[in-house]
Amino acid sequence: MSGSEMVSQGGYTQFAPAKINLYLHVTGKRDDGYHLLDSLMAFVDFGDIIEVSPAGSLSLVISGPFAAGLEAGPDNLVLKAASGLQKLAGVTYGASITLQKNLPVASGIGGGSADAAATLKALCKLWQISPNSNKLLELALELGADVPVCLSSTAVFVSGIGETLIPAETLPQVPMVLVNPGVAVSTPTVFKARLGAFSSANPFTNNKASFELLAELLAERNNDLMAPAISLAPEIGDALSLISSCQSNLLSRMSGTGATCFGLFSDQASAGAAAEKLQKLIPLWWVQETKLISQY
Ligand code: C5P
């Protein structure tokens, strides 16, 4: 059992960390409108928490600082994951599920995907089932393009529309600050706003790197959705400039389709100081000091 899971009073607690797109190239578009991607996805040591305990039917209660942004109805990804797993495994067991929502909603750091993946993992343990891994992956992909990555719990180079995962070498635990400038941008709208030629895939192998070398490798790559997202929500550009202006910042980028941005820092004390400075400067923004993790 890893540190990201715990048994509690007949139930299980599962960590659902934020995922970060360290870079994201849009390499093409399929006939069905989905975009082909090349992205290095990793995690940070901050996230939501899913708890499951035995019950006759499925239910969900949401708590935490971002609970207000979410409905606990059947459209919630957590309940969709749970009922999808019931069907897949052919079981009728229920579960009381609680979601502690610490991550801003619809913000490019995969909160909903992380919650769905954590629900699948926790319920497999609670219900003592081991579904076929390909079928589980299919269910994950149906729930959302980022759910398979969260299910893998390992930093990966992602291609296809999010279904092809190649594990990355262990990445350095680079100190980070996450900043969400309080604007929600819609994923399909950002994809639609992307114009121009597609990028090439550009995964790298030399990632047993120092913090500085990792930042250099990422600086040679882009988030192709950053410019379209900034055109829809200029606050994202403000967040990136402010992160870059902090001492010992190595790189600033947007994650996913935004609006959350991240900064990499050369040491944890500087990340802490930057987080404090940014939060004081703009109290309404969500600012979180953390660090990169490759596995959980
Ligand atoms: O699958 P997910 O819910 O993450 O995607 C939301 C929307 O984002 C999709 O309906 C699609 O419009 C867009 N998208 C895309 N290409 C991807 C992932 C998502 O165009 N690879």
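Please refer to the structure higher up on the page.
Cut-offs used in this document
- Residues numbered from 1 in each chain as written.
- Predicted model: local features only at pLDDT ≥ 70, side-chain atom pairs only at ≥ 80, totals over all residues.
- Heavy atoms only, no water.
- Helix = DSSP H or I, 4+ residues; strand = E, 2+ residues; numbered from the N terminus.
- Buried < 20%, exposed > 50% of the residue type's maximum accessible area, 1.4 Å probe, protein only.
- Contact = heavy atoms within 4.5 Å.
- Areas by Shrake-Rupley, 256 points an atom, 1.4 Å probe, with all protein chains shown as cover.
- Lys, Arg positive; Asp, Glu negative; His and termini not counted.
- Charge placed at Lys NZ, Arg CZ, Asp CG, Glu CD.
- Phe/Tyr/Trp six-rings, centres within 6.5 Å; stacked < 30°, edge-to-face > 60°.
- Lys NZ or Arg CZ within 6 Å of the ring centre and 35° of its normal.

**Thoughts on the overall build of the protein chain**
Now for step 1: Each helix and strand in the protein chain was counted, giving 9 helices and 11 strands.
Now for step 2: Structurally, the protein chain occupies a C-alpha span of about 55 × 45 × 35 Å along its principal axes.
Now for step 3: Scored against the burial criterion, the 296 residues of the protein chain give a buried share of 54%.
Now for step 4: In the protein chain, of all internal contacts separated by at least 6 residues, the share reaching a separation of at least 24 is 74%.
Now for step 5: Surface exposure of the protein chain reaches about 12600 Å², of which carbon and sulfur atoms provide 54%.
Now for step 6: Measuring between centres, the 17 positive side-chain charges of the protein chain sit 3 Å from its 24 negative side-chain charges.

**Quick notes on the side chain of Gln 86**
Now for step 1: You can see Gln 86 is positioned in helix 1 (residues 77-89).
Now for step 2: If near-sequence neighbours (up to four positions away) are discounted, Gln 86 is found in contact with Leu 58, Val 91, Thr 92, Tyr 93, Gly 94 and Trp 127.

**Digging into the packing of aromatic side chains**
Now for step 1: All told, the structure shown has 8 aromatic pairs when counted by the stated rule.
Now for step 2: With centroids separated by 6.1 Å and ring planes inclined at 45 degrees, the aromatic side chains of Phe 46 and Trp 286 adopt a geometry described as tilted. Here Trp 286 lies in strand 11 (residues 286-293) and Phe 46 lies in strand 3 (residues 35-55), a separation of 240 residues in the sequence.
Now for step 3: Between Phe 66 and Trp 286 the ring centres are 6.3 Å apart and the planes differ by 85 degrees, which places this aromatic pair in the edge-to-face class. Taken together, the residues Phe 66 in the loop between strand 4 (58-63) and helix 1 and Trp 286 in strand 11 connect sequence positions 220 residues apart.
Now for step 4: By the ring-pair criterion, three or more aromatic residues cluster together here, those being Phe 15, Phe 43 and Tyr 296.
Now for step 5: A cation over an aromatic ring shows up here: Arg 221 above the ring of Tyr 23, its NZ or CZ 5.8 Å from the ring centre.

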